[in-house]
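Residue strings, one per chain:
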Protein chains: 2
Amino acid sequence: MKNAVFKALSDPTRRKILDLLKERDLTAGNISSHFNMTRPSISQHLKILKHAELVHDMKKGQFVVYSLNTTVFQEFISWAMHFIGKKPSGNMSSP
Amino acid sequence: MKNAVFKALSDPTRRKILDLLKERDLTAGNISSHFNMTRPSISQHLKILKHAELVHDMKKGQFVVYSLNTTVFQEFISWAMHFIGKKPSGNMSSP
DNA sequence: TCGTTATTTAGCTATTTAACTAAATAATAA
DNA sequence: TTATTATTTAGTTAAATAGCTAAATAACGA
């Protein structure tokens, strides 16, 4: 697990952004509107989430649509499972 | 999930401490010896991990023995599983 | 008791972080 | 082309963080 992922998740605003993206893909501006914070600030947070590969971005005309990248979450769960002595398999059938 | 947990996990030294405690319980001094860092610095890290309830500590004479607290890791895994649309159950039998 | 060992607390400093404003870039619409 | 909208980049600042040294606390052994 990259340090960038843990750093990205350590901020409440960024975790709330991930919560929003869990429901549906959103443009940068749309994400901003959910916060009492300037657009440049949110843009910075999105940059950090992108660098950690927790989100994807796609240019759609003059908009940038952000979406969740679940791949890193998978790795993340595997990492955490080591600590409770669990196999991080997707289809667990044995303890 | 408490912010303190994410903050605690965002530092590489603290994650390495958790890695060490995953193998066996250790005293504060023993933990320190694994790092190229002063004992007070490690003590501070342990305090942060304790506050996040990621570790337990127990006084044993003049030593303090630290051990992993897996409870928070469980919650942590549940949190992460929301993002990949998985039920955080312990005994998964269905996808 | 006195000295040693284990650990933490207090106080200091350099670095990182998260916010802001102003300006730049890019695409659309008139 | 010019104005407007969407988003990012640059530069600044206050607060948080992680490291250090020195000192305090606590338990042990001679």
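Please refer to the structure higher up on the page.
Residues numbered from 1 in each chain as written. Chains lettered and ligands numbered in written order. Predicted model: local features only at pLDDT ≥ 70, side-chain atom pairs only at ≥ 80, totals over all residues. Heavy atoms only, no water.

(A) Quick look at the sheet that holds strand S3 (residues 63-68) of chain B. Residues and elements named next belong to chain B. Pairing within the open sheet is antiparallel, and its three strands lie in the order S1-S3-S2. Among the strands making up the open sheet, the edge pair consists of strand S1 (26-27) and strand S2 (55-60). Here two bridges tie S1 to S3, and the two strands are oriented antiparallel to one another. Within the sheet, the bridge partner assigned to threonine 27 lies in S3 and is valine 65. Contacts between helix H4 (residues 39-51) and the sheet are confined to S2 and S3, with S2 contributing the most and set at about 120° to the helix. (Pairing = 2+ DSSP bridges. Helix = DSSP H or I, 4+ residues; strand = E, 2+ residues; numbered from the N terminus. Contact = heavy atoms within 4.5 Å. Axes fitted to C-alpha atoms, helices over the stretch in contact; angles between N-to-C directions.)

(B) Main features of the nonpolar core. Among the nonpolar cores identified, the biggest contains 56 residues, and Leu18, Ile31 and Leu54 of chain A together with Leu18, Ile31 and Leu54 of chain B are the most heavily contacted of them. Other than its neighbours up to four places away in sequence, leucine 54 of chain B contacts Val5, Ala8, Leu9, Leu18, Leu49, Ser67, Leu68, Asn69, Val72 and Phe73 of chain B. (Core = buried A, V, L, I, M, F, W, Y, C linked by side-chain atoms within 4.5 Å. Buried < 20%, exposed > 50% of the residue type's maximum accessible area, 1.4 Å probe, protein only.)

(C) Quick look at the sheet that holds strand S3 (residues 63-68) of chain A. If you trace the three strands from one edge of the open sheet to the other, you get S1-S3-S2 (chain A), paired in antiparallel fashion. Strand pairing shows two members of the sheet lacking a second neighbour, strand S1 (26-27) and strand S2 (55-60) of chain A, which therefore form its edges.

(D) Quick look at the protein's contact with DNA strand C. Around DNA strand C, a shell composed of 23 residues is seen, among which Thr38, Ser41 and His45 of chain A together with Gly29 and Tyr66 of chain B lie nearest. The protein-proximal atoms of DNA strand C, defined as those within 4 Å of the protein, are 76% sugar or phosphate. The separation between a phosphate oxygen of DNA strand C and a polar main-chain atom of alanine 28 of chain B is 3.4 Å. In the environment of DNA strand C, a phosphate oxygen lies 2.6 Å from a nitrogen or oxygen atom belonging to the side chain of tyrosine 66 of chain B. Looking at the surface near DNA strand C element by element, the count peaks at four residues for H4 of chain B. (Near = heavy atom within 4 Å. Polar contact = N/O pair within 3.5 Å; in protein donor to acceptor, adjacent residues only side chain to side chain.)

(E) Highlighting the packing of helix H2 (residues 12-23) of chain A against helix H4 (residues 39-51) of chain A. Residue and element names in this part refer to chain A. The interhelical angle for the contact between H2 and H4, taken along N-to-C directions, is 75°, at an axis separation of 10 Å. The angle between H2 and H4 falls in the class roughly perpendicular. Every residue of H4 that contacts H2 at Thr13, Arg14, Ile17 and Leu18 is listed here: Ile42, His45, Leu46, Ile48 and Leu49. (Parallel < 35°, antiparallel > 145°, perpendicular 65-115°, else oblique.)

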